[in-house]
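Descriptive analysis of the structure
Listed below, chain by chain, are the residues.
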Amino acid sequence: SDDASVSDQEKMLILEGALFVGLLLAAVTAGQDSCNVADGDRWDCGFVGTTQASCEADGCCWRPALLKNSSSNLRDTPWCFYPSDLENPCNDIKWSADSPGFTQEYYDIMYNNYAANLNIDGSGAVVAAPDT
């Protein structure tokens, strides 16, 4: 009778282990699918010096660009990029404004500095930083 209960416990452990492995494989496969992003549709997730480990630790995808032929230009193809299931963060940006983002006083100062540096000494030259 004790042998049967141990056997049932072992069966249960094997079944739980198989279920866990199945769920783990499904999660890994789903993550890989979200990393299948065409080169031109990738959004940079990394920066100069990003490694595969740091990229993946940030929840991003790592796929080095492969040189298909000598005329390929892969300079702008991100290796560390956001997965396809990430919502575009640019959708929430407010693209219109009620003001230029600075005060009229600041604008007047900058305009006067600009105007003061046009046509220096009648030469037509513009000075970016005049000697004062």
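Starting afresh in each chain, residues are numbered from 1 along the sequence in its written order. Note on the predicted model: pLDDT of at least 70 is required for a residue's local features to be given, and 80 or more for side-chain atom pairs to be given and counted; whole-chain, interface and lining totals, by contrast, use all residues. Values reported for side chains reflect all heavy atoms of the structure, with hydrogen atoms and water molecules removed beforehand.

To qualify as a helix, a DSSP run of H or I must reach at least 4 residues; to qualify as a strand, a run of E must reach at least 2; elements of each kind are numbered from the N terminus. Helix and strand counts for the protein come out as three helices and two strands. Written out in order from the N terminus, the α and β elements of the protein read α-α-β-β-α. Sorting the 132 residues of the protein into buried and exposed places 13% on the buried side. Residue pairs in contact within the protein that sit at least 24 positions apart in sequence constitute 52% of those at least 6 positions apart. Per-residue accessibility, obtained with a 1.4 Å probe over protein chains only, is compared with the maximum for each type, and a residue is labelled buried under 20%, exposed over 50%, and partly exposed between these values. We call two residues contacting when some pair of their heavy atoms lies within 4.5 Å.

What follows covers the confidence of the model for the protein. Detailed conclusions should not be drawn from predicted coordinates in areas where pLDDT is low. The predictor attaches a confidence to each residue, called pLDDT, with possible values from 0 through 100. Confidence in the prediction for the protein averages 74 pLDDT; 61% of positions are at 70 or higher. No element of the protein has a lower mean pLDDT than helix 1 (residues 2-33), which averages 58, and none a higher one than helix 2 (residues 52-57), which averages 94. In this model, residues 26-31 is a region of pLDDT below 50 whose contacts with residues beyond four sequence positions or in other chains number zero contacts.

All right, on to the side chain of Ser34 then. Inspection of the secondary structure puts Ser34 in the loop between helix 1 and helix 2. Its relative accessible area of 9% is what places Ser34 among the buried residues. When sequence neighbours within four positions are dropped, the list of residues in contact with Ser34 reads Cys61, Pro83, Ser84 and Asp85.

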